[in-house]
Amino acid sequence: MTTHARHSTRQDRIRSAAAGLSAAVVAVGLAELVAAVVEPSASPFAVIGSGLIDLAPSWAKDTAIALFGTGDKVALIVGVAIVLAVVAALSGFLELRRPPIGAVILAALGALAVVAAMIRPGAGPFAWLPGLVAGLVAVIVLRMLVRRLRPVAGIAPDEIDRRRFLIWTTGAAAAGLVLLIVGKVARGATRSIEVVRDALRLPKPARAAAPVPAGADLEIPGLAPVVTPNAEFYRIDTALIVPRIDPADWSLRIHGMVDREVRLTWDELVALPMQESDVTLACVSNEVGGSLIGNARWLGVPVRELLARAGVDPDADMVLSTSSDGFTASTPIEALTDDRDALLAVGMNGEPLPIEHGFPARLVVPGLYGYVSATKWVTQLEVTRFDRATAYWTTRGWSERGPIKLQSRIDVPRGGQSVPAGDTVIAGMAWQQQVGIAGVEVRIDDGPWQRAELATAISADTWVQWSLAWTAERGSHTVECRALSVEGETQTSDPAPPAPDGAQGWHRIDVSVA
Ligand SMILES: Nc1nc2c(c(=O)[nH]1)N[C@H]1C(S)=C(S)[C@@H](COP(=O)(O)O)O[C@H]1N2
Ligand SMILES: [Mo]
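First, a word on scope: everything that follows refers to the structure included in this document. Computed from a prediction, not measured in an experiment: that's the story for all the values here.

Take the sheet that holds strand β13 (residues 422–431) next. Reading across from one edge, β11-β13-β17-β16 is the order of the four strands in this open sheet, with antiparallel pairing throughout. The open sheet terminates on both sides in strands that have one partner only, identified here as β11 (407–412) and β16 (453–454). Of the strand pairs in this sheet, β11 and β13 are connected by five bridges, and their pairing is antiparallel. Its bridge partner being in β13, V412 is matched across the sheet by A427.

What follows is the structure in structure tokens.
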């Protein structure tokens, strides 16, 4: 082997590694851009980073945090990028020597990104797309570039080809970097909020909620669980694009009719004593028998304590809360200052608020419909008066105040379902937050009202399950239910649509027994 040949071999090795690197950069750039446009949460970097965080044992996370502090997510991303660069360079080298091993490795990385994106909780319908794009582009570009390094029919590629190779390789890498930047701009400063959220550790509650009582969940198939898993929690908001707020950039401003304006950062907020409470959230748009209601264990700071810091003007009667995307809710000030423990919540069922449920902070006020109380992505509390400010839904014809109405619903059997004759069960939920449920009655056809059995209530602020044994006889039947409150109220039969202040009436279903 001549000196010249050995020289060019080493150069080819470097060139092939550069080809691998360049293919990876253009693939990642395009995939990140596709993710930014189609599904930001499916960014290959974010999903692989999140996957690594999930997979990492807690000691590794603790070490990363100890080493890098709040820079741990940056460190993670840089780490992923370095590993990717090394593997890509190696793939280029292998593609030249032992094709198609290099292409297979890059395709496998793309597949990994697809899988990591699809198994994320809350993965959207196009979560697979960025990874697929990355894999395809990486393989195509790699094969294109490496082909130029390969001798054709025993003739070594000449210097012109090599120059062209250099231009293509640099061009692809440059294009990839431009795509990355465009993708980042497209997504604003919101990159990988999932990674930030996944790595976030919430403080332990200073006042923990008691465990959910053993008898609170009857565990009847088809009956809503008494604690709603986050993934199944109804979502209602006006946000076409979900606000993606890094806690590091978040702050809450309390202003208006106060003695002194207060601005609270995330670090200041989570340093305060936290309280846990179980609260059932309900949407005013929920139809009788509807499912726009859910129950969660919230972690947060009582709003009362935050307002006290600012000093509330006694003439104020309302707090207008505003979210980062401009949604507003008007909450009577007494609901935020009395002992019901309205929370500025940061946690939901043991994890940070899901992004679509208000990450990093939202309001949770027992006893009021969400539209006048439960502002997600909340950034401002303006202490004011009902005669001075009007909230988002109030300007659209909904009631200025929204106390939750006494309601109940039948979950089992489902309306329209046919059930086999014989012994079966009727079961459902009942609620009037802040008041509490004393009983539920069920009527079958035009028979007498029968008292259902109540599950153990978690608290007056949560819904409660109920059930009634039923010996179903062949034929068509109607089943109705009505709740009785702790205050002695009976749920009204008088029907009303959701607008302007919440649906009412009895839930009634038709069942055919075969
Ligand atoms: N920022 C913001 N917060 C909001 C809303 C909204 O549109 N934007 N909708 C409210 C309504 S109408 C309801 S019922 C609850 C629903 O909360 P969830 O999506 O977490 O269940 O959020 C409230 N908070
Ligand atoms: Mo709502």
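Right, let's get into the packing of aromatic side chains. Under the definition given, this model contains ten aromatic pairs. A ring pair is formed by W250 and W266, whose centres lie 6.2 Å apart and whose planes are at 85°; its orientation type is edge-to-face. Of the two residues, W250 is situated in the loop between α8 (193–199) and β1 (251–256) and W266 in helix α9 (residues 266–271); the sequence distance between them amounts to 16 residues. The exposure classification of W250 matches that of W266, with both residues buried. Grouped by ring-pair contacts, the aromatic residues F327, Y371, Y392, W393 and W398 constitute a single cluster. Lying over the aromatic face of Y392, R396 brings its terminal NZ or CZ to 3.7 Å of the ring centre. One Lys or Arg, R482, reaches over the ring of W449 and ends 4.0 Å from the middle of that ring.

So, on to the site of ligand 1. In the vicinity of ligand 1 lie 19 residues, with Y234, T238, H357, R362 and K376 positioned nearest. The backbone of A374 places a nitrogen or oxygen atom 3.0 Å from a nitrogen atom of ligand 1. Within the side chain of K376, an N or O atom sits 2.5 Å from an oxygen atom of ligand 1. Its free accessible area being 530 Å², ligand 1 has 99% of it covered by the protein chains.

A separate point is unusual backbone geometry. Along the chain, P99 connects to P100 via a cis peptide bond; the corresponding omega equals 5°. Structurally, P100 can be placed in the loop between α4 (72–97) and α5 (101–118). The linkage connecting F359 with the following residue, P360, adopts the cis geometry, with an omega of 10°. For E219, which is not glycine, the phi dihedral falls at a positive 50°.

The subject of this paragraph is the environment of G367. Positionally, G367 belongs in the loop between β9 (362–364) and β10 (378–384). Taking the C-alpha atoms as reference points, G367 and G402, 35 residues apart in sequence, are found 8.6 Å from one another. Beyond its immediate sequence surroundings of up to four residues, G367 is in contact with G402, P403, I404, Q433 and Q434.

Of all eleven residues in strand β18 (residues 475–485), nine are buried; the element is thus mostly enclosed. Summarising the sheet, strand β14 (residues 437–444) and β18 pair through seven bridges and their orientation is antiparallel. From the neighbouring strand, E441 faces β18, where its bridge partner is R482. Judged from the seven bridges that link them, β18 and strand β19 (residues 507–513) form a sheet pairing that is antiparallel. Note on β19: the bridge partner recorded for H477 is V511.

Here we come to empty space enclosed by the protein. On inspection of all chains with the given rule, the structure shows one cavity of 30 Å³ or more. What the largest cavity holds in volume is close to 90 Å³. Taken together, A282, C283, V284, N286, E287, V288, I293, Y369, Q407, W431, G502 and A503 make up the lining of the largest cavity. Residue composition of the lining of the largest cavity, by class: eight nonpolar, three polar and one charged. When we break the lining of the largest cavity down by domain, the ones giving at least three residues each are domain 2 (230–396) and domain 3 (407–513).

With that settled, consider the pairing of β13. Bridge count for β13 against strand β17 (residues 464–472) is nine bridges, and the pairing is antiparallel. Looking at the pairing, A427 lines up with S467 of β17.

We now examine the nonpolar core. L252, I254, L269, W298, L344 and V383 are the most contacted members of the largest nonpolar core, which has 71 residues in total. Looking at this core, you find at least three residues from each of domain 2 (230–396) and domain 3 (407–513). Contact partners of L252, with chain neighbours within four places excluded, come to V262, R263, L264, L306, L344, V378, T379, Q380 and L381.

Conventions used here
Residues numbered from 1 in each chain as written. Chains lettered and ligands numbered in written order. Predicted model: local features only at pLDDT ≥ 70, side-chain atom pairs only at ≥ 80, totals over all residues. Heavy atoms only, no water. Pairing = 2+ DSSP bridges. Helix = DSSP H or I, 4+ residues; strand = E, 2+ residues; numbered from the N terminus. Phe/Tyr/Trp six-rings, centres within 6.5 Å; stacked < 30°, edge-to-face > 60°. Buried < 20%, exposed > 50% of the residue type's maximum accessible area, 1.4 Å probe, protein only. Lys NZ or Arg CZ within 6 Å of the ring centre and 35° of its normal. Near = heavy atom within 4 Å. Polar contact = N/O pair within 3.5 Å; in protein donor to acceptor, adjacent residues only side chain to side chain. Areas by Shrake-Rupley, 256 points an atom, 1.4 Å probe, with all protein chains shown as cover. Contact = heavy atoms within 4.5 Å. 1 Å grid on protein atoms, 1.4 Å probe; cavity = no way out; pocket = protein on both sides within 12 Å on 5 of 7 lines; lining within 4 Å. Points joined across faces, edges and corners; volume = space filled by probe spheres on them. Nonpolar A, V, L, I, M, F, W, Y, C, P; charged D, E, K, R; others polar. Domains from an automatic or database assignment. Core = buried A, V, L, I, M, F, W, Y, C linked by side-chain atoms within 4.5 Å.

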